[in-house]
Protein chains: 2
Amino acid sequence: MTYCVGLLLDAGMVLLSDTRTNAGLDNISTYKKMFTFEQPGERAIVIMTAGSLSVTQTAIAQLQEMIDDPDASGERSIMLAPTMLKVAEIIGRTLSHVRQDIDSKMEMAKVSTSASMIVAGQRVDGEMRMFLIYPEGNFIEATPDTPFLQIGEHKYGKPILDRVVRPSTTLEDARKAVLLSMDSTLRSNLSVGMPLDMAVIHKNDLRVTETRRIEPHDPEFTKMSEAWSDVLRDGFSAIKI
Amino acid sequence: MTYCVGLLLDAGMVLLSDTRTNAGLDNISTYKKMFTFEQPGERAIVIMTAGSLSVTQTAIAQLQEMIDDPDASGERSIMLAPTMLKVAEIIGRTLSHVRQDIDSKMEMAKVSTSASMIVAGQRVDGEMRMFLIYPEGNFIEATPDTPFLQIGEHKYGKPILDRVVRPSTTLEDARKAVLLSMDSTLRSNLSVGMPLDMAVIHKNDLRVTETRRIEPHDPEFTKMSEAWSDVLRDGFSAIKI
């Protein structure tokens with residue numbers, strides 16, 4: 001499985017993904033699930049993927065091909081699309097086509113494929129927007145009421161987000177929130193694993209302001225994880241019932 | 001859905017279930033999912049249920065019928081079975097039969113039913129034991145390595161259990177742990193709802209030592225829930241990254 005989470009805040013967007021891919025428990029690999037597309041000053045887009053690797057890799061490759069096409073148009077290239085809504089539509093259509101195509105090949109094996117994506121971005125003169133794209137190509141959008149989106153193994157890490165994430169959350173707190181949400185997921189589910197990829201897009205920066213790969217045993221992440229364990233353990237002891 | 005959790009500790013067993021049942025989002029009811037069977041001094045058994053209400057109600061009714069049968073034997077009555085393992089076998093067989101029977105009736109509607117149970121108990125001269133019974137009637141048992149079992153919406157409330165529950169955990173801490181695990185689940189998933197039922201069986205007490213129904217707005221639970229929110233919020237603020 002996978003865990004990816006994206007926060008859409010007043011100050012910007014924060015995205016975090018794991019890298020574990022598995023085909024059965026005895027076939028585990030590391031694959032990047034975060035893809036950035038940017039033309040600084042004009043637009044910045046980050047896509048995170050969950051689900052069948054064969055579907056998501058092909059979909060990302062097709063999106064890249066449509067960007068590189070010398071005859072690319074705003075109808076097919078996410079780097080030329082006039083709005084983020086249009087970007088979400090192109091990604092949705094691509095994902096849905098690839099999934100249907102692979103699904104039809106898998107039919108004989110009675111296996112079905114699925115994949116979903118989170119896409120976050122901003123283009124010049126537009127707002128920051130973040131979408132969750134379903135396997136069928138339809139999508140929902142993050143809003144001030146629900147300023148975060150998750151794909152993959154989302155349940156373990158949801159309680160902390162429910163409690164602390166608001167549109168007014170600072171980017172520093174947002175980094176902490178997604179890392180702690182991931183930390184809970186890593187501890188409780190083997191199919192989600194290090195290293196992690198993080199991206200931050202400041203509002204109106206029109207580029208991916210910050211990217212970071214967090215390797216296993218990263219001292220900062222380990223320290224934060226241990227500090228959070230202490231908070232939970234000490235807080236747990238202190239509560240009276 | 002449902003959330004039920006059981007802890008098997010050195011000092012005893014702690015069980016907690018919610019009571020929300022829904023057939024679609026527009027048909028929500030409250031049903032007890034915790035059932036106690038005891039003959040004080042001889043044996044105490046608690047069963048918690050998750051899944052199709054028609055399956056679990058029928059299975060519990062059949063278990064009761066087999067107990068009340070004047071010709072009851074240790075082969076069929078969980079109150080006469082010579083060991084807790086035998087109790088788990090009787091429950092597993094009953095659950096599996098009921099489920100298959102109802103499933104065959106549902107086949108035409110292309111709907112399938114499922115249900116699982118946690119059974120915890122001790123009989124005189126035996127050890128405390130706790131089992132998770134699958135829809136097919138097979139089961140797994142809680143052990144010192146994994147001293148808790150969950151059914152239903154188990155993911156939201158697993159991180160706190162992973163962190164704090166050990167066989168040596170006191171019964172007081174165990175009560176807190178299951179309530180906080182439930183609190184996270186209640187906050188993140190609408191299909192799990194108050195009131196809650198809690199049961200505690202002290203080791204070698206051979207009766208259900210303590211039962212408690214926790215109603216919505218229970219002042220003690222509310223206070224604990226708020227205190228935990230404060231711990232998380234304050235701890236979150238204090239952590240540096």
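Note that the structure is a prediction, hence the values are computed from the model and not measured.

Undergrad: How should I be thinking about the overall build of chain A in this particular structure?
TA: Regarding its fold elements, chain A presents five helices and 12 strands. In terms of overall size, chain A behaves like a compact globule, its C-alpha atoms giving a radius of gyration of 18 Å where 241 residues would be expected to give roughly 18 Å. Each principal axis of the C-alpha distribution contributes one length, and for chain A these read about 65 × 50 × 30 Å. Taking all 241 residues of chain A together, 46% fall into the buried category. The long-range fraction of contacts in chain A, counting pairs at least 24 apart against all pairs at least 6 apart in sequence, stands at 63%.

Undergrad: Honestly, the packing of helix H4 (residues 171-188) of chain B against helix H5 (residues 219-238) of chain B in this entry has me stumped. Any pointers?
TA: Angle between the axes and distance between the axes are the two parameters that describe a pair of packed helices. All names here are of chain B. Across the interface, H4 lies against H5 with an axial gap of 10 Å and an inter-helix angle of 75 degrees. The orientation of H4 with respect to H5, classified from their angle, is roughly perpendicular. When H4 is examined against H5, the residues Leu179, Leu180 and Asp183 are found in contact with a partner set consisting of Phe221, Met224, Ser225 and Trp228.

Undergrad: I keep staring at the interface of chain B and chain A and nothing clicks. Help me out?
TA: As a measure of interface size, the accessible area lost when the parts come together is often cited. Each side of the interface is counted separately: chain B has 25 residues, and chain A has 25 residues. For the side of chain B that touches chain A, the element with the highest residue contribution is H5(B), accounting for 10 residues.

Undergrad: I tried to follow unusual backbone geometry on my own but got confused; where do I start?
TA: Of all residues except glycine, most have a negative phi; of all peptide bonds, most are trans. All names here are of chain A. Here the residue pair methionine 194 and proline 195 is connected by a cis peptide bond, since its omega of -5 degrees sits within 30 degrees of zero. Note on placement: proline 195 falls in the loop between helix H4 (171-188) and strand S11 (196-202). With a phi angle near 55 degrees, leucine 206 is a residue other than glycine that sits in the positive phi range. Structurally, the position occupied by leucine 206 is in the loop between S11 and strand S12 (210-214).

Undergrad: Just checking my understanding: could you explain the sheet that holds strand S10 (residues 148-152) of chain B for this structure?
TA: Strand pairing in a sheet takes place through backbone hydrogen bonds and is either antiparallel or parallel in direction. All names here are of chain B. The five strands lie next to each other as S10-S1-S2-S11-S12, forming an open sheet whose pairing is antiparallel. Since the sheet does not close on itself, it has two edges, and those belong to S10 and strand S12 (210-214), each with one partner. Between one strand axis and the next, the sheet turns by 10 degrees as a mean value, whatever way the strands run. Bridge count for strand S1 (residues 3-9) against S10 is five bridges, and the pairing is antiparallel. Residue cysteine 4 lies in a different strand from S10, and its bridge partner there is isoleucine 151.

Undergrad: Sorry, what's going on with the pairing of strand S6 (residues 43-51) of chain A here?
TA: Strand residues, when the strand is regular, have side chains that alternate between the two faces of the sheet. Residues and elements named next belong to chain A. Counting buried positions over the nine residues of S6 gives nine, a clear majority of the element. Linkage of strand S5 (residues 34-39) to S6, two consecutive antiparallel strands, is achieved through a turn of three residues, within which glycine 41 is found at a positive phi near 90 degrees. Bridge analysis of S6 against strand S7 (residues 115-123) gives nine bridges, and the strand direction is antiparallel. Residue pairing in the sheet places glycine 51 in a bridge with alanine 115 of S7.

Undergrad: Which parts of the structure should I look at to understand the sheet that holds S7(A)?
TA: Residues and elements named next belong to chain A. Across the sheet, five strands lie side by side as S5-S6-S7-S8-S9; this open sheet has antiparallel pairing. Each edge of the open sheet carries a strand with a single partner, namely S5 and strand S9 (139-141). Looking at each pair of strands side by side, their axes are set apart by 15 degrees on average, direction ignored. In this structure, S5 lies alongside S6, joined through six bridges in antiparallel fashion. Within the sheet, the bridge partner assigned to threonine 36 lies in S6 and is valine 46. Contacting S5, S6 and S7, helix H1 (residues 53-68) runs over the sheet at an angle of about 160 degrees to S6. Here helix H2 (residues 84-106) sits on the sheet in contact with S6, S7, strand S8 (129-133) and S9, set at roughly 160 degrees to S7.

Undergrad: Help me understand the environment of B:Arg212, please; the structure alone is not making it clear to me.
TA: One can find B:Arg212 in strand S12. For the pair B:Arg212 and B:Leu196, spaced 16 residues apart in the sequence, the C-alpha separation amounts to 8.2 Å.

Undergrad: Even after reading the chapter, I still don't get the relation of the copies chain B and chain A, so can you show me in this structure?
TA: Copy one and copy two of the chain differ by a rotation about a common axis and a shift along it. Between chain B and chain A, which share one sequence, the superposing operator has a rotation angle of 180 degrees and an axial displacement of 0.1 Å; the RMSD is 0.0 Å. With respect to symmetry, the two chain copies, as superposed, fit the operation of a two-fold axis. Identified as the residue of chain B closest to the rotation axis by C-alpha distance is B:Tyr156, at 2.4 Å. By residue overlap, the copies meet face to face through one surface: 100% of the interface positions of chain B are interface positions in chain A.

Reading the values: the criteria
Residues numbered from 1 in each chain as written. Chains lettered and ligands numbered in written order. Predicted model: local features only at pLDDT ≥ 70, side-chain atom pairs only at ≥ 80, totals over all residues. Helix = DSSP H or I, 4+ residues; strand = E, 2+ residues; numbered from the N terminus. Rg over C-alpha atoms; globule rule 2.2 N^0.38 Å. Buried ≥ 20, exposed ≤ 12 C-beta atoms within 10 Å, placed from the backbone. Contact = placed C-beta atoms within 7 Å. Axes fitted to C-alpha atoms, helices over the stretch in contact; angles between N-to-C directions. Parallel < 35°, antiparallel > 145°, perpendicular 65-115°, else oblique. Pairing = 2+ DSSP bridges. Least-squares fit on C-alpha atoms with pLDDT ≥ 70 in both.

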